Amino acid sequence: MHPIVGLGCLAVAAFLYAVVPSVLLALLQGQRGYVLLRSVTDQFVTFTLALTMLLGATRLPRPRKAVAGTIVSAAATYGLALWFLIGYWVWTGHQFDIRFALDAGGDVLRTLESTLGRFFLPAIGMTIALFACLALLWWQIARWFEERSGNFFRSWTISLPLGLQALVWHLCAHEQRMVWPELHALIEQAQEHPVVGPIFPDSREWQTRGGESVYVLQLESGNALALSGALELAGRRYDGDYTPNLRRIAQDGVFFPIFWANSVQSNRALENILCGIVNNAGPALSYNPGKIASECLPAVLRRAGYATIFYVAFDDPDFMNYRNFAKAIGFDEFYDAPSLGFPARKDSWGIDDCTFYRSVFANLRKRPPGEKRFVYIEVSAHHYPFAGQAQYAHLHPFILPQNPVEWYLNSWVEQDHCLEVFYHEFREFTGGDAHLFVTPDHSWPVGTHGNVLNDFGWYDENFAIPFLYVPPLGRRSEFRVGEQADAQPSLADLPATIVELLDGVPRKHSFAPLLQRQPADGRQPYEPCHILVQPYSGGAIVIQRPREKYVYHINTQQLERYDRRHDPNERNPEVVAENIPYSRVKADYYCDRYLRSAQVSP
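So, how was this worked out
- Residues numbered from 1 in each chain as written.
- Predicted model: local features only at pLDDT ≥ 70, side-chain atom pairs only at ≥ 80, totals over all residues.
- Heavy atoms only, no water.
- Buried < 20%, exposed > 50% of the residue type's maximum accessible area, 1.4 Å probe, protein only.
- Helix = DSSP H or I, 4+ residues; strand = E, 2+ residues; numbered from the N terminus.
- Pairing = 2+ DSSP bridges.
- Axes fitted to C-alpha atoms, helices over the stretch in contact; angles between N-to-C directions.
- Parallel < 35°, antiparallel > 145°, perpendicular 65-115°, else oblique.
- Left-handed = near helix turned anticlockwise from the far one by under 90°.
- Contact = heavy atoms within 4.5 Å.
- Salt bridge = Lys/Arg side-chain N within 4 Å of Asp/Glu carboxyl O.
- Disulfide = S-S within 2.5 Å.
- Core = buried A, V, L, I, M, F, W, Y, C linked by side-chain atoms within 4.5 Å.
- Phe/Tyr/Trp six-rings, centres within 6.5 Å; stacked < 30°, edge-to-face > 60°.

(A) How the structure looks around the pairing of strand 8 (residues 434-440). Among the seven residues of strand 8, seven are classified as buried, and the element is accordingly described as predominantly covered. Note that strand 8 and strand 9 (residues 464-470) share three bridges and pair antiparallel. Within strand 9, the position partnered with F437 by the bridge is Y469.

Next comes the structure, spelled out in structure tokens:
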């Protein structure tokens, strides 16, 4: 190989592995001057380690090509990971969290398929092509080294560069700010380091004989702040009516413009909505329902004579272990899109909401008349990246969306449009003689704090959702029908609320009195305090109160306080304590109602 070619390959590798990644990383972290230069040195350590290993391989006996090939593959893999992490940070505004990927396990590939849609295969092709290019680059360097190894150093000196490189690597490894922190997180995950565990409710008090049917409609990713019509972002005000059908249905019920989701993912929302579990910063329990130490609402209602039925618009019953989880917590029947007659698709997050609603009620019409039903309906088509569907383009408030919030609002207008179909089918099938709860599974950040993915952030926009309750027609006079509630309950309070509405017996954690015109006398007041969890990006526990919120950062053990009255945009947190153990935070700052009524609290 000509020396110019070898030197050129070496320069390109240095540019791709050391110079550009280090400068980009330093700029993303807001570094300048000397610190930026040191960041270049950090990546240079990794780059030169690969070079030293290739040099060493040239001095080996016959299997040196196999060893060099292994080093080349490792270096190409590292480069692929490095540029993926940089691209992720540039796109999302924050670092990749490997715990977020590991928590989903085998669902990562399925998530990528659904998120990227028709771009999934091209993305896979580009990834393979990038890996091949990087491997070819390193192989050319390896060939050049082998051809001229005698000119670089004598055989007896090979121990010197290897020893020096190992020493420098050991001293500087902690400065690697992209791949190596994620590798460390992977090791921690593998070692099952203790995390903040869930608080399970005392579900023994949920026992009921019930009477009326209950329907829960779970919508996708509802950011109450964005949907309120009062969002201002980057100097632009988003004051349109993005939920006309939801508000029209709300005329028959009680509407909460701000309600709290207790976590940030659909499967974690099921823990909250159906089991009343809070505080889970560890792995999602949908993957291991046997660890749930209390009884969930479907099992309670099944024992009370209810048919318990779960419908999900997704086409993979094993995604997030949905089917097994639903069965484990007490659902008799589980229907996904294919079981309702729809072909399986790998390029979307679910079938069209309008079509799905019609199919669900067509399926329900086959059931025996007069049975008590607990029906859970989950839609998922309007998931991130909120691409929307061409058939609803005429509904879009933003013809050419310019930023993530406009894509999001276009998608939500489509989702809201199909609520008209749902409510028509619901009223026609039930005659209005059933309890109806309409709630998103979680919120979704739209950029008010520079972030548009839900695995980062502990702000109100990560947790605030709209919520709607519609009572049975025959009981309308008991409730604040047509009113908007100022109180802000959370999804984990739903099981206790449902059983209280069914039999009228007061329950702890129930927000039924907030729905009623004349709440029952003699009951204890509802404590407006909630535990909200961001399990990723280092982990955060939010203790949410009407006038203030505390955020405990699990990894750094720092406790912050936000004044919700004077700092509504959450720009100026007050550091309350540093290096404070979780046990003290729980004892001194947690909601009393959770500590008093917890059945199990690891």
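Next, the rest of the story.
(B) Highlighting the packing of helix 15 (residues 353-364) against helix 16 (residues 404-430). Closest axis-to-axis distance for the helix 15/helix 16 pair is 8 Å, and the angle between their directions is 15°. Of the possible angle classes, the one that applies to helix 15 and helix 16 is roughly parallel. Note on packing geometry: the crossing formed by helix 15 with helix 16 is right-handed. Facing helix 15, whose interface residues are D353, C354, Y357, R358, F361 and L364, helix 16 presents Q415, H417, C418, L419, V421, F422, E425, F426 and F429.

(C) Spatial organisation of the side chain of S359. Along the chain, S359 falls in helix 15. By relative accessible area, which is 18% here, S359 ends up buried. Among all residues touching S359, those that are not within four sequence positions of it are L340 and F342.

(D) Molecular detail of the pattern of salt bridges. For the coordinates displayed, the defined rule picks out 26 salt bridges. Between R593 and D493 there is a salt bridge; the shortest N-O distance is 3.0 Å. Residue R593 is found in helix 21 (residues 592-597), and its partner D493 is found in the loop between strand 9 and helix 18 (494-503); the two are separated by 100 residues along the sequence. Accessibility assignment for this pair places R593 and D493 in one class, buried. The closest approach of N and O atoms between R507 and D503, which form a salt bridge, is 2.8 Å. Given the relative accessible area of 6%, R507 is considered buried. A network of salt bridges, in which partner residues are shared, links E333, R367, E371 and R373.

(E) Looking closely at the state of the cysteines. Within this structure, the stated rule accounts for three disulfides. Residue pairing for C354: its cysteine sulfur links by disulfide to C418, the two sulfurs lying 2.0 Å apart. One disulfide, between C354 and C418, carries an S-S torsion of -100° and so falls in the left-handed class. One end of the pair, C354, is in helix 15; the other, C418, is in helix 16, and 64 residues separate them in sequence. Relative accessible area serves as the criterion here: at 4%, C354 is assigned to the buried category. On the basis of relative accessibility, which here comes to 0%, the residue C418 falls in the buried class. Between the sulfur of C529 and that of C591 lies a disulfide, 2.0 Å long from S to S. In this structure, the disulfide formed by C529 and C591 twists by about -75° around the S-S bond and is classed as left-handed. Here the residue C529 occupies a position in the loop between helix 19 (512-515) and strand 10 (530-534), and C591 occupies one in the loop between helix 20 (582-589) and helix 21, the gap between them amounting to 62 residues. With respect to class, C529 is no different from C591; both count as buried. Within the chain, bonded cysteines paired by disulfides and numbered along the sequence follow the pattern 1-2, 3-4, 5-6.

(F) Summary view of the nonpolar core. Counting 57 residues, the largest nonpolar core has Y311, F356, Y357, I377, Y408 and L409 as the members making the most contacts within it. Those residues in contact with Y357 that sit more than four places away from it in its chain are L217, L219, I377, V379, C418, L419, V421 and F422. By size, the runner-up hydrophobic cluster in this structure holds 54 residues, among which are V254, L274, I277 and L301.

(G) Up close: the packing of aromatic side chains. With the rule as written, the count across this model stands at 37 aromatic pairs. Relative to Y376, the ring of F310 has its centre 5.2 Å away and its plane inclined at 15°; by these criteria the two rings are stacked. Within this pair, whereas F310 is found in strand 5 (residues 307-312), its partner Y376 is found in strand 7 (residues 373-378), the two being separated by 66 residues in sequence. Taking the relative accessible area as the measure of exposure, F310 reaches 1% and is therefore buried. For Y376, a relative accessible area of 0% corresponds to the buried category.

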